[in-house]
Amino acid sequence: MMTLRTADTHELDDIYLMGFDVWGGSASVDEYLACCNKNDKYQKGTWYVLIEHQKILSSLIVYQGVFGLVDGSCGLGSVATPPELRGKGYASKLINMIKNELLQNQNNTVLFLHSDIDKTFYRRLGFTVTGGSDCMYITSDGRAFKETLPGYF
């Protein structure tokens, strides 16, 4: 059975490495990990992981109260799955579980994300594209979000 939980500190390097092939650029693995570990942005959020049999299948970070996120809103970022596990639906499962946790269990009203991939993936999960921006959102009641979008996170 797959479960959602916050990541343990000792799992962060494994989480960072999930996106190395996409976000690593020309850095070596050691340089990339050093950059991730001192990244102020990563330290402002809470990492969540999708786990099955003690194995991390996918991860993302959740931001609250920073980057212009008002009370009742959260930002999702750095969605990643290990290269060998991609295309199996794990990121979709993780996002759906975190949506339920944040919108129903924690009573937030809107979730945001900035998509640097084809927005079709997030649209299928219920997110709405905002005009002229890479920022997407989903609300707890399905209504359009008409307030100011948060800054990039």
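Worth saying up front: this structure is predicted, and the values here are computed from it rather than measured.

*Asks:* I tried to follow the pairing of strand β2 (residues 46–52) on my own but got confused; where do I start?
*Replies:* The side chains of a regular strand alternate between both faces of the sheet. Burial within β2 is extensive, with 5 of its 7 residues counted as buried. Sheet analysis places strand β1 (residues 3–6) next to β2, joined by 4 bridges and oriented antiparallel. The residue of β2 that forms the bridge with T6 is Y48. Two elements, β2 and strand β3 (residues 55–63), share 7 bridges in a ladder whose sense is antiparallel. Paired with E52 across the two strands is K55, which belongs to β3. Where β2 folds back on β3, the antiparallel hairpin that results is connected by 2 residues, among which H53 adopts a positive phi of roughly 55 degrees.

*Asks:* Is there a simple way to explain empty space enclosed by the protein in this structure?
*Replies:* If a probe as big as a water molecule is rolled over the atoms, it shows which places are left empty. For the coordinates displayed, the defined rule picks out 2 cavities of 30 Å³ or more. When its volume is computed, the largest cavity comes out at roughly 40 Å³. I15, Y16, W23, Y32, Y42, W47, S78 and A80 are the residues that line the largest cavity. Elements that contribute at least two residues to the lining of the largest cavity include exactly α1 (12–17) and β4 (73–80).

*Asks:* So what exactly am I meant to see when it comes to the pattern of salt bridges here?
*Replies:* A side chain with one charge can pair with a side chain of the opposite charge if their charged atoms come near. Tallied over the full model, the rule gives 5 salt bridges. With a shortest N-O distance of 2.7 Å, R86 and D21 are connected by a salt bridge. Here D21 lies in helix α2 (residues 20–23) and R86 lies in the loop between β4 and α5 (90–105), a separation of 65 residues in the sequence. In this structure R86 comes out as partly exposed when scored by relative accessible area, which is 34%. Owing to a relative accessible area of 48%, D21 belongs among the partly exposed residues under this scheme.

*Asks:* I keep staring at the layout of surface pockets and nothing clicks. Help me out?
*Replies:* Considering only enclosed or pocket space, the largest pocket measures out at about 650 Å³ in volume. W23, S78, V79, A80 and D116 are, among the 31 residues lining the largest pocket, the residues nearest its centre. Put simply, the parts of the chain that give the lining of the largest pocket at least two residues each are α2, α4 (40–43), β4, α5, β5 (110–114) and α6 (120–124). Element by element, the count of residues in the lining of the largest pocket is highest for β4, at 5 residues. Here the residues of the lining of the largest pocket sort into 17 nonpolar, 10 polar and 4 charged.

The rules behind these values
- Residues numbered from 1 in each chain as written.
- Predicted model: local features only at pLDDT ≥ 70, side-chain atom pairs only at ≥ 80, totals over all residues.
- Heavy atoms only, no water.
- Buried < 20%, exposed > 50% of the residue type's maximum accessible area, 1.4 Å probe, protein only.
- Helix = DSSP H or I, 4+ residues; strand = E, 2+ residues; numbered from the N terminus.
- Pairing = 2+ DSSP bridges.
- 1 Å grid on protein atoms, 1.4 Å probe; cavity = no way out; pocket = protein on both sides within 12 Å on 5 of 7 lines; lining within 4 Å.
- Points joined across faces, edges and corners; volume = space filled by probe spheres on them.
- Salt bridge = Lys/Arg side-chain N within 4 Å of Asp/Glu carboxyl O.
- Nonpolar A, V, L, I, M, F, W, Y, C, P; charged D, E, K, R; others polar.

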